[in-house]
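# Structure at a glance
Here is what each chain is made of, one letter per residue.
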Amino acid sequence: MRFSIVGAGAIGCLFGARLMMASHEVTLVHRDPIVVRALKKNGIRLQDLDGTLTKVRVAIRKGPTRLPGTEVLIVAVKAYDTRAVAASYRGMIHPETIVVSLQNGLGNVETLRSGFRNEILAASTTEGALSLGQGYVVHTGRGVTLIGDARGASSDASSRVKMAFDRAGLKAETRSNIHGVLWTKAIVNAAINPLSSLTRLSNGAIIKNRGIRDIAHSAMNEGISVSHAMHIKLVGDPRKLWQRILSSTRANKSSMLQDIERGKMSEIRQLNGAILSYGRKTRVKTPVNGILTKLVLGLEESSKTTKSKVLSGFPVRTNR
Ligand code: KPL
């Protein structure tokens, strides 16, 4: 199959490398010329679960760009960049191309619909991926990727993408209730990512800490109440999934902690922030998600400043 992947972060590189190694055609697209240059020079460096390092050559383009011949376009950018992707690719992608949102957070599919007339699938993954620099990714934990048609229709496209992922060693399953999957995962991420960012603890350390577990459970209970008020059918109990994800990605730093450490924006608005705003709409109280949102917004602010100081010795704008 011919894949294009927009977003050469940890997840984009992990999926790109694995699909390439399974003989699919892959083009990675990234908007930052520095990342594009690094990937052109070194390819993707993938460190496997057993420590093996493999260099994988992929085609890399600076985006936004036309991607003729693409059968599947995977959107693997951060949730706060989805709007920019939808706007900049409007009218550029062949109508037959299947678009797959492989992202954390709520609202990505709805945002992609504003820019793509294509069939849109949503995918939610629990694969652990840690970025060690441009194009250098460590696969820190095996997970599963659930895929489904965003309109809830049964789709041949979901099965084909699932098969391609499976053959690439990325265990995948199709789901008809993909919105329930996305909500369940968002509730879990909202109880891992901000807590790991605020404490700087790895996923494995979080699971051992009683106090953090209590906060995580309160955050998840609020998310569950909001999802009920929204008539979303969750897929399993988020509290059990929380436990499972943390133990299978022990060695991982959550994606939000990775962003904070780089002085980048985080996905707090699309996780706890989204639960908070849906809570307001449905009149469900979400004080813990509210506090976590405000704290991480503060953290974003301070880590931006810290990064500037580290870079130059005095505060400068980093434009990232
Ligand atoms: O989705 C993740 C993330 O970091 O965003 C998990 C699965 C929690 C892995 O860290």
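Below you will find a few notes about this structure.

What counts, and at which threshold
- Residues numbered from 1 in each chain as written.
- Predicted model: local features only at pLDDT ≥ 70, side-chain atom pairs only at ≥ 80, totals over all residues.
- Heavy atoms only, no water.
- Near = heavy atom within 4 Å.
- Polar contact = N/O pair within 3.5 Å; in protein donor to acceptor, adjacent residues only side chain to side chain.
- Areas by Shrake-Rupley, 256 points an atom, 1.4 Å probe, with all protein chains shown as cover.
- 1 Å grid on protein atoms, 1.4 Å probe; cavity = no way out; pocket = protein on both sides within 12 Å on 5 of 7 lines; lining within 4 Å.
- Points joined across faces, edges and corners; volume = space filled by probe spheres on them.
- Helix = DSSP H or I, 4+ residues; strand = E, 2+ residues; numbered from the N terminus.
- Buried < 20%, exposed > 50% of the residue type's maximum accessible area, 1.4 Å probe, protein only.
- Arc of directions from axis to C-beta.
- Pairing = 2+ DSSP bridges.
- Axes fitted to C-alpha atoms, helices over the stretch in contact; angles between N-to-C directions.
- Contact = heavy atoms within 4.5 Å.
- Parallel < 35°, antiparallel > 145°, perpendicular 65-115°, else oblique.
- Left-handed = near helix turned anticlockwise from the far one by under 90°.
- Nonpolar A, V, L, I, M, F, W, Y, C, P; charged D, E, K, R; others polar.
- Domains from an automatic or database assignment.

Around the ligand, the structure places Asn104, Lys185, Asn189, Ile192, Asn193, Asn203, Ile245, Asn252, Ser254 and Ser255. Lys185 places a polar side-chain atom, nitrogen or oxygen, 3.2 Å from an oxygen atom of the ligand. Taking Asn193, its side chain carries an N or O atom lying 3.1 Å from an oxygen atom of the ligand. Its free accessible area being 280 Å², the ligand has 94% of it covered by the protein chains.

The next subject is the layout of surface pockets. Its volume calculated, the second largest pocket comes out at about 340 Å³. Thr126, Val144, Leu146, Leu241 and Arg244 are, among the 19 residues lining the second largest pocket, the residues nearest its centre. If you list the elements that add at least two residues to the lining of the second largest pocket, you get strand S8 (120-125), helix H6 (178-189) and helix H10 (238-248). The leading source of residues in the lining of the second largest pocket is H10, at 5 residues.

Turning to helix H2 (residues 33-42), its buried residues number three or more, namely Val35, Val36, Ala38, Leu39 and Asn42. Buried positions in H2, seen along its axis, are confined to an arc of 165° and lie on one side of it. Opposite the buried face of H2, at more than 90 degrees from it, the exposed residues are Arg37, Lys40 and Lys41. Where H2 begins, the side chain of Asp32 points an oxygen toward the backbone nitrogen of Ile34, at a separation of 2.9 Å. Backbone geometry just after H2 places Gly43 at a positive phi near 65°.

The next thing to look at is the sheet that holds strand S3 (residues 44-47). A sheet is described by the order of its strands in space; here 4 strands give the open sequence S4-S3-S10-S9, paired in mixed fashion. A single partner strand is all that each edge strand has here, and the edge strands are strand S4 (53-56) and strand S9 (128-133). Strand-to-strand twist in this sheet, taken as the mean axis angle between neighbours without regard to direction, amounts to 25°. Sheet topology note: the S3/S4 ladder contains 4 bridges and is antiparallel. If you follow Ile44 over to S4, its bridge partner there is Val56. Running at roughly 90° to S3, helix H1 (residues 10-21) makes contact with S3, S4, S9 and strand S10 (136-141) of the sheet.

Our focus in this paragraph is unusual backbone geometry. Cis peptide bonds are those with omega within 30 degrees of zero, and the linkage from Gly63 to Pro64 qualifies with 0°. Position of Pro64 among the secondary structure elements: in the loop between strand S5 (59-62) and strand S6 (72-75). Even without glycine at this site, Ser23 takes up a positive phi of about 70°. Its location among the elements puts Ser23 in the loop between H1 and strand S2 (25-30). Ser23 gets classed as exposed once you look at its relative accessible area, which sits at 67%. For His231, which is not a glycine, the phi torsion comes out positive at approximately 60°. Mapped onto the elements of the fold, His231 is located in the loop between helix H9 (210-229) and H10.

In this section: the packing of H9 against helix H12 (residues 272-282). Contact geometry of H9 with H12 gives a least axis separation of 9 Å together with a crossing angle of 50°. Viewed along their axes, H9 and H12 adopt a mutual orientation that is oblique. The two elements H9 and H12 meet at a crossing, and its hand is left-handed. Contact with H9, carried on its side by Gly223, Val226 and Ala229, involves Ile275, Tyr278, Gly279 and Thr282 of H12 and no other residues of that element. Of the residues belonging to the contact of H9 with H12, the class tally is 4 nonpolar, 3 polar and no charged.

Attention shifts here to empty space enclosed by the protein. Under the criterion given, the structure shown has 1 cavity of 30 Å³ or more. Estimates place the volume of the largest cavity at around 40 Å³. Looking at the largest cavity, the residues that line it are Gln103, Asn104, Gly105, Ser124, Leu182, Lys185, Ala186 and Asn189. Counting contributing residues, the lining of the largest cavity receives three or more from each of domain 1 (2-176) and domain 2 (182-309).

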